[in-house]
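Here are the chains, one letter per residue:
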Amino acid sequence: MQIFYTAAGTKLDQEYGRIKANIIFGAKKRNAQIFSVLSQNRQEGKSTLISYLGIAFSKEEKRVLLIDGNFENPKLHKIFGIENDQGFSNLLADGGGLQETVLKTEFPGLSILPAGTISKQLETSIQSSSMDVLLQSAKRKYDFIFIDTGALQSMITSKLLAAKSDSSIIVVRRMRTNSHDLQELKTSLESYDIHVTGALFNTKKLAWLKR
């Protein structure tokens, strides 16, 4: 991650710069700050994408918060080497202040809200007014908020988080996402009235697909 932060002009840096530009353009059109990152299946690249995006935005001196909403298989705390004793699920279940739970990273302006340790009644908590208060607080403190999520096919919490977000980014992975997956994903988007800024086709070379 540190190599990516300090590198300039590499193919990876240029690709994420292009993705970042598309997100900023979509954000201005919709006045959006909170983006959920979605995929139909596990291991399609959401956590990697959201991590590199956070660093890419921090290079621009933006205040960025990454929220780990993948309660089934949280990864952001592992990627950034931080604790997961308290986090997003604990805030939803028990309340408390956002700033007391958010952890800063080594990258300027980039903070992480890990998934936390609570696994029960999360669906109800996400739909509560406490969740709305938490997101409004995040909007006041950060320029962009990205929410990592679990696979849509197995986690209703991911659909609820997307519905609470201003918009979403879809990740589709080559050789993993089939036509049936895409149809189910489309049904979820429509059923939960989820707005999509764009889709990322995850191959050896990332490709941004506007919706």
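Residues numbered from 1 in each chain as written. Predicted model: local features only at pLDDT ≥ 70, side-chain atom pairs only at ≥ 80, totals over all residues. Heavy atoms only, no water.

**A word on the nonpolar core**
Quick reminder of the rule: Residues belong to a common nonpolar core when they are buried Ala, Val, Leu, Ile, Met, Phe, Trp, Tyr or Cys residues joined through side-chain atoms within 4.5 Å. Buried means the residue's accessible area, taken with a 1.4 Å probe over protein chains only, is under 20% of the maximum for its type, while exposed means over 50%, and partly exposed covers the values in between. Secondary structure elements follow DSSP: runs of H or I no shorter than four residues count as helices, runs of E no shorter than two count as strands, and numbering proceeds from the N terminus. Any two residues whose heavy atoms approach within 4.5 Å at even a single point are treated as in contact.
I23, F35, L49, L53, L66, F80 and F146 are the most contacted members of the largest nonpolar core, which has 27 residues in total. Looking at this core, the elements with two or more residues in it are α2 (11-30), β1 (34-38), α3 (46-59), β2 (64-69), α4 (76-80), β4 (110-113), β5 (144-149) and β6 (167-173). Apart from residues no more than four positions distant in its own chain, F35 is found in contact with I23, A27, F144, I145, F146, I147, S165, S167, I169 and T197. Listed in part, the 23 residues of the second largest apolar core include F88, A115, L122 and Y142.

**Details of the pattern of salt bridges**
To keep it simple, the criterion reads: Salt bridges are identified by distance alone: a Lys or Arg side-chain nitrogen within 4 Å of an Asp or Glu carboxyl oxygen.
Per the counting criterion, the structure on display carries seven salt bridges. One salt bridge in this structure joins D132 and K164, with 2.7 Å as the shortest N-O distance. With D132 in helix α8 (residues 129-141) and K164 in helix α9 (residues 156-164), this pair connects stretches of sequence that are 32 residues apart. Residue D132 is classed as partly exposed on the basis of its relative accessible area, which comes to 35%.

**Details of the pairing of β2**
Selection rule: Whether two strands pair comes down to DSSP finding at least two bridges between them.
Burial of β2 is extensive: six of the six residues sit out of reach of the surface. For β2 and β4, the ladder comprises four bridges, and the chain directions are parallel. Bridge pairing in β4 links L66 to I112. Bridging between β2 and β5 involves six bridges; their strand directions are parallel. Counted as the bridge partner of L66 is F146 from β5.

**Here we look at the packing of aromatic side chains**
We count it as follows: Only centres within 6.5 Å qualify two rings of Phe, Tyr or Trp (six-membered ring in Trp) as a pair; their planes then separate them into stacked at under 30 degrees, edge-to-face at over 60, and tilted for everything else.
Taken as a whole and judged by the stated rule, the model has seven aromatic pairs. Summarising the aromatic geometry, the rings of F57 and F146 are spaced 5.4 Å apart at their centres and angled 45 degrees between planes, so their arrangement reads as tilted. Taken together, the positions of F57 in helix α3 and F146 in strand β5 put the pair 89 residues apart, joining distant regions of the chain. Comparing F57 with F146, the two get one shared label, buried.

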